[in-house]
Structures are given as structure tokens and as C-alpha cells.
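One letter stands for each residue in the lines below.
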Amino acid sequence: MVRRTGAALASCDVTDTTPATPPDAEPDPRRPLAGRTALVTGAASGIGRAVAQRLAAAGAELLLVDLDADRLAGVAEALGAEALACDLGDADAVAALGLRRRRVDVLVNNAGLQHVAPVEDFDPERFALIHRVMLHAPFLLARDVLPGMYERGWGRLVHLTSAHGHRASAYKAAYVSAKHGLEGLSKVIAVEAAGRGVTSNTVAPGYVRTPLVEGQVADQARRHGIGEDEVLERVMLARTPVKRLVEPAEVAELVAYLCGPHTDSITGASHHLDGGWTAT
Ligand code: NAD
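Each value, and the rule that gives it
- Residues numbered from 1 in each chain as written.
- Predicted model: local features only at pLDDT ≥ 70, side-chain atom pairs only at ≥ 80, totals over all residues.
- Heavy atoms only, no water.
- UniProt positions renumbered as here; feature names shortened; annotations may be inferred.
- Helix = DSSP H or I, 4+ residues; strand = E, 2+ residues; numbered from the N terminus.
- Buried < 20%, exposed > 50% of the residue type's maximum accessible area, 1.4 Å probe, protein only.
- Phe/Tyr/Trp six-rings, centres within 6.5 Å; stacked < 30°, edge-to-face > 60°.
- Lys NZ or Arg CZ within 6 Å of the ring centre and 35° of its normal.
- Near = heavy atom within 4 Å.
- Polar contact = N/O pair within 3.5 Å; in protein donor to acceptor, adjacent residues only side chain to side chain.
- Areas by Shrake-Rupley, 256 points an atom, 1.4 Å probe, with all protein chains shown as cover.
- 1 Å grid on protein atoms, 1.4 Å probe; cavity = no way out; pocket = protein on both sides within 12 Å on 5 of 7 lines; lining within 4 Å.
- Sits in = over half its atoms within 2 Å of the grid points.
- Nonpolar A, V, L, I, M, F, W, Y, C, P; charged D, E, K, R; others polar.
- Pairing = 2+ DSSP bridges.
- Axes fitted to C-alpha atoms, helices over the stretch in contact; angles between N-to-C directions.
- Parallel < 35°, antiparallel > 145°, perpendicular 65-115°, else oblique.
- Left-handed = near helix turned anticlockwise from the far one by under 90°.
- Contact = heavy atoms within 4.5 Å.
- Points joined across faces, edges and corners; volume = space filled by probe spheres on them.

Per an unreviewed UniProt entry, the protein chain goes by the name 3-hydroxybutyrate dehydrogenase and belongs to Nocardioides lentus. Recorded in UniProt for the protein chain, the comment headed Sequence similarities (unreviewed entry) runs: "Belongs to the short-chain dehydrogenases/reductases (SDR) family."

In C-alpha cells form, the structure reads like this:
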């Protein structure tokens, strides 16, 4: 089911092929995304919310998607965005967003969830859900928005993967395999979109300071009977040279950069933002 709320409706008709700025004009450096429409999934919380705020500051009109309709409505209202409450685990609900008929210049595939269990105990339903939300939905969304991007000759796809798009950790079979899959999907889109003004990249963070991770830190501190600083340094960031969490605003900054001017040649790449984790 898709529920639409929010004050400002973006002018998103896919038949609108007007470029946001004349091709040879330099965009306003303070608002490089003025005239562009950006869709961000998982925008009700954490990284998605920070990305939505940053893209709004860059001048983009926003379409925000999340399962959590109430929280999404709050974020959308604060940013003057359109809220599309949608379960990305449901392919029919994704189709009902009607994105083939709307203008989307920037797609940020960010929504995600985690489940931890050894493979032999991993609930197959949970495994399939994680793959539907974190790999199948990004494919379906890209499938719907790419024709309009190709027609207008400009588009940006940024997929939030993870250090776990490049490395494995025990008990995270669904998450690690979905993120590795999303890394591959991004590269295929980059190759197909080459020469058409459309780029596809991933941003692969280490642990980011979101409510989810802060909860995990508090949990581990209780379980091991040690302080939260010690949990970060000795447990969660054990493999990370820079011993601090990444901030959501740092992730948002990189996403905004990849959507900004002079980035036509940055495509098919994975941008690590992990304090050096994957360098070790
Ligand atoms: P979060 O839990 O704060 O936000 C995720 C959002 O996705 C939530 O608002 C949730 O409602 C939404 N969502 C979940 N299932 C959905 C569904 N079926 N349909 C629609 N929306 C759904 O998480 P976050 O920490 O901000 O993570 C955002 C992305 O960044 C995820 O893809 C995550 O894997 C990735 N990431 C996070 C970290 C981290 O440390 N937080 C590290 C690396 C990568």
C-alpha cells in the first residue's frame, strides 16, 4: 500500500524533459540540485533522513519513501517534501508508487534492515525480506526511474551499501549477501548508463552513529559489563583504524557530492567511508 502525504508536490511528470539548468550553464554552487527531484528511501530515520536534509539544502525537490508512515510524515513536513509511505518489501507497493510516470533525477537507495543469526538457524522468510528490501527494491526503483533519466540525459543513482558490501561478518548472511549484490547491481547500471548522463555509485560506510547502532553499543556494554567507549574501541571498531563512529552528516555529504556538478566520470565506483576498515 502506498500513502501519500506532504505539503509540496514536486513537478515530477516523466514527460517533462526540461533540463534543470541549460546544459552549458554552471549550477548555483550553493544550490547545485535546484530544479532536480530526488527520491530517498528509508528517509524517516538515520542516514536517510540526513541525506534528505542535505539534498534539500542543495536545492532538490524531495520524494521521501519509508515504511514508517508517521515518522516519515514528520521528516517530510519539516523539509517541505512529499512523503510516500511504502513497504519496499512488497513489489506491488513499489509498482504502485508509479515512478515511471514521475520525474526522478536522483535516486538514493538507502532503506535497510538487519537480522543476526547463524546460517543454520537463519529464518528463510527473514532472509528473503532483507533481500527484497535491500536488493530487489533498489532494482525495481532503478528500473522505473532510468527511462526518464535517459530521456532527460541526466541522472544520479547512489546506493547505500556498507563495509559489509566488501567484507563478511559472522551471523549476517542476508545483510552481507544483499549488500554484495547491491554493489554488483550498481556496477551493471553504471555500465549500461555510460554515455547517457547517468551515473551509479555506492557509498559504503562502516558503523554510523544512528539510533540502531547506538542501541547496539548500549546493548553490548550491558552484556559485557564494560563502558560504551570500550565497546566501540574493542568490539565494534576492533577492525577499524579510526576509532570513532561515522556521523550521518558525513555520509550525506558524500551522497550530495556524487549528485553534484563535475561528477560525470565518477561511476561504477564504491566509495568507502569506514575509517579505514576495508583497508586492513
Ligand atoms: P535506520 O534503521 O535508522 O533507517 C532505515 C530506514 O529504512 C528506517 O526508517 C526504516 O523504517 C526503513 N525501512 C526498513 N524496512 C523498510 C521497508 N520494508 N520499506 C520501506 N522502508 C523500510 O538505519 P540506518 O542506520 O540509517 O541505515 C540506512 C542504510 O545505511 C541501510 O541500508 C544500512 O544498511 C546502511 N548502513 C548503515 C550503517 C550504520 O552503521 N548505521 C552502516 C553501513 C551501512
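Q: How do you make sense of the side chain of H271 when you look at a structure like this?
A: Relative to the helices and strands, H271 is located in strand 8 (residues 270–273). Judged by relative accessible area, H271 falls into the buried class, the value being 18%.

Q: Just checking my understanding: could you explain the packing of aromatic side chains for this structure?
A: Working definition: an aromatic ring pair is given by the centre-to-centre distance plus the angle between the planes. For the coordinates displayed, the defined rule picks out 2 aromatic pairs. Plain terms: the ring middles of F122 and F127 are 6.0 Å apart, the flat faces sit at 85 degrees to each other, and that makes the pair edge-to-face. For F122, a relative accessible area of 9% gives the class buried. Classification of F127 as partly exposed rests on a relative accessible area of 30%. Taking 6.0 Å as the distance between ring centres and 15 degrees as the angle between the ring planes, the aromatic pair formed by Y207 and W277 counts as stacked. Of this pair, Y207 sits in the loop between strand 7 (198–205) and helix 6 (211–224) while W277 sits in the segment after strand 8, and the two are 70 residues apart along the sequence. Overall, the relative accessible area of 5% leaves W277 in the buried class. Across the ring face of W154, the terminal group of R36 is positioned such that the distance to the ring centre comes to 3.6 Å. The ring of Y150 carries R196 above its face, with NZ or CZ at 3.7 Å from the centroid.

Q: Help me understand the site of the ligand in this model?
A: Residues in close proximity to the ligand total 25 residues, the closest being S45, D66, N110, Y175 and V208. One nitrogen or oxygen atom from the side chain of D87 is found 3.0 Å from a nitrogen atom belonging to the ligand. Its free accessible area being 830 Å², the ligand has 90% of it covered by the protein chains. Structurally, the ligand is housed in the largest pocket. Elements with a contribution of two residues or more to the shell around the ligand: helix 1 (46–57) and helix 5 (173–193). The residue inventory of the shell around the ligand, partitioned by class, reads 12 nonpolar, 10 polar and 3 charged.

Q: Quick question: what am I supposed to make of the pairing of strand 2 (residues 37–41) here?
A: Regular strands place their side chains on alternate faces of the sheet. Counting buried positions along strand 2 gives 5 out of 5 residues, so the element sits mostly inside the fold. Pairing geometry for strand 2 and strand 5 (residues 106–109), over 3 bridges, is parallel. From the neighbouring strand, V40 faces strand 5, where its bridge partner is V108.

Q: Mind showing me how you'd approach the packing of helix 4 (residues 124–152) against helix 5 here?
A: In a pair of packed helices, the angle between the axes and the distance between the axes together describe the arrangement. Orientation of helix 4 relative to helix 5, taken along the N-to-C sense of each, is 15 degrees, at an axis distance of 8 Å. The angle between helix 4 and helix 5 falls in the class roughly parallel. Handedness of the helix 4/helix 5 crossing: right-handed. Judged by residue contacts, F127, I130, H131, M134, L135, P138, F139, A142, L146 and Y150 of helix 4 engage A173, A174, Y175, S177, A178, K179, G181, L182, L185, I189, E192 and A193 from helix 5. Here the residues of the contact of helix 4 with helix 5 are counted per class, giving 17 nonpolar, 3 polar and 2 charged.

Q: Whenever I open this one, the packing of helix 1 against helix 8 (residues 248–259) confuses me. Can you help?
A: Between helix 1 and helix 8, the least distance of the axes is 8 Å, while the angle of their chain directions is 50 degrees. The orientation of helix 1 with respect to helix 8, classified from their angle, is oblique. In this structure, helix 1 crosses over helix 8, and the sense of that crossing is right-handed. On the side of helix 1, the interface is formed by G46, I47, A50, V51, R54 and L55, while helix 8 contributes P248, A249, V251, A252, E253, V255 and A256. Of the residues assigned to the contact of helix 1 with helix 8, the class counts are 10 nonpolar, 1 polar and 2 charged.

Q: I keep staring at the layout of surface pockets and nothing clicks. Help me out?
A: Once rolled over the atoms, a probe with the size of a water molecule shows which space is left empty. There is about 1,000 Å³ of room inside the largest pocket. Taken together, 38 residues line the largest pocket, and the ones lying closest to its centre are N110, A111, G112, L113 and L212. Of all the secondary structure elements, the ones that give two or more residues to the lining of the largest pocket are helix 1, helix 4, helix 5 and helix 6. In the lining of the largest pocket, the residues fall into 18 nonpolar, 14 polar and 6 charged.

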